[in-house]
Amino acid sequence: DIVLSNNDKGDLYRRVVELGAKGRQIVTSCTTDELTRFFAAFSGGDRTRAFLKVQDGCDYCCSYCTIHYARGASRNLREHRGQVFHGDGFALKRRQREIVITGVNTGDFGRTTGERFIDLLRALDAVEGIERYRISSIEPNLLTDEIIDFCASSTKFQHHFHIPLQSGSDRILGLMRRRYT
C-alpha cells in the first residue's frame, strides 16, 4: 500500500495515517542527488543503551558498495546535539544512561554544515544526565589522534570504537577504493 523514497522515510507515520483516510496507494521516489533531508533518529525503548543517529549517507563511493547510491551524499542536521540532549531532549526524558552515536559514517558528521565531529563529542560530553557514550561506525581515516585523545581523557566516552575495517591487505583496500591502508 505504501512505498516511500529514502527522502520521504521521515514522513512514514504521517503517510500511513493519510493512507488509511484516503484508501489509496502512495508511491514516492527520488534520485540520490535529491536526497538532501536528514532524519534524526533516536531509539531507546526500555533499555539502558540508546542509539542516536547523527549522520547519514556516504561520499566514499567504494568500488563494491551501494550505500552512496541508496542513501545519497553524507549529511546531518546542524546543531543536532542540541535538539536531542538539551532542555527536554529525548535522551534525558527517557533517562537513558548510555548513548551510542551512529551513522553510516559518523566521522563524516559536519561535512555539510561546517561543524566538526570532535566538537559534537565535546558538546555531548558536557551534557549532564548522560553517563556513557560510545562511537559506532567511524572509518579508520576519520578516527584522528584528537578524537582518540579526547575519548581517553573523558570520563563519559568509553574506550571503545566500532571501526569497520574492510581488509588487512593494502592491495585489496586499493581495489576497493578505501581511503586508508
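Note: the structure precedes this text.
(A) The arrangement of the pairing of strand β6 (residues 132-135) in detail. Across 4 bridges, strand β5 (residues 98-103) lies against β6 in parallel orientation. What sits directly across from Val 100, in β6, is Arg 134. Crossover handedness for the path β5 to helix α5 (residues 117-125) to β6: right-handed. Two elements, β6 and strand β7 (residues 157-161), share 2 bridges in a ladder whose sense is parallel. Within β7, the residue paired with Tyr 133 across the bridge is Phe 157. With respect to chirality, the unit in which β6 leads through helix α6 (residues 145-153) into the neighbouring parallel β7 is right-handed.

(B) Fine view of α6. Burial in α6 covers these residues: Ile 147, Phe 150 and Cys 151. Along α6, the residues classed as buried sweep out an arc of 95 degrees about the axis, all on the same side. Exposed positions of α6 whose direction lies more than 90 degrees from the buried face are Asp 145, Asp 149 and Ser 153. Each element contacted by the buried residues of α6 is listed here: α5, β6 and β7.

What counts, and at which threshold
- All residue numbers refer to position in the chain's written sequence, counted from 1.
- The predicted origin of the model limits local features to residues at a pLDDT of at least 70 and limits the giving and counting of side-chain atom pairs to 80 or more, whereas totals for whole chains, interfaces and linings rest on all residues.
- Only hydrogens and water are removed before side-chain values are computed, so all heavy atoms of the structure are retained for them.
- Any two strands between which DSSP finds at least two bridges are classified as paired.
- Starting at the N terminus, helices and strands are each numbered in turn, a helix being any DSSP run of H or I of at least four residues and a strand any DSSP run of E of at least two.
- Seen with its strands pointing away from the viewer, a crossover is right-handed when the path leading from the first strand over the helix to the second is clockwise.
- Exposed residues in this analysis have more than 50% of their type's maximum accessible area, buried residues have under 20%, and partly exposed residues fall in between, with area computed by a 1.4 Å probe over protein chains only.
- What the arc measures is the spread of directions leading from the helix axis to the C-beta atoms.
- The contact definition used throughout considers only heavy atoms, calling two residues in contact when any of these lie within 4.5 Å.

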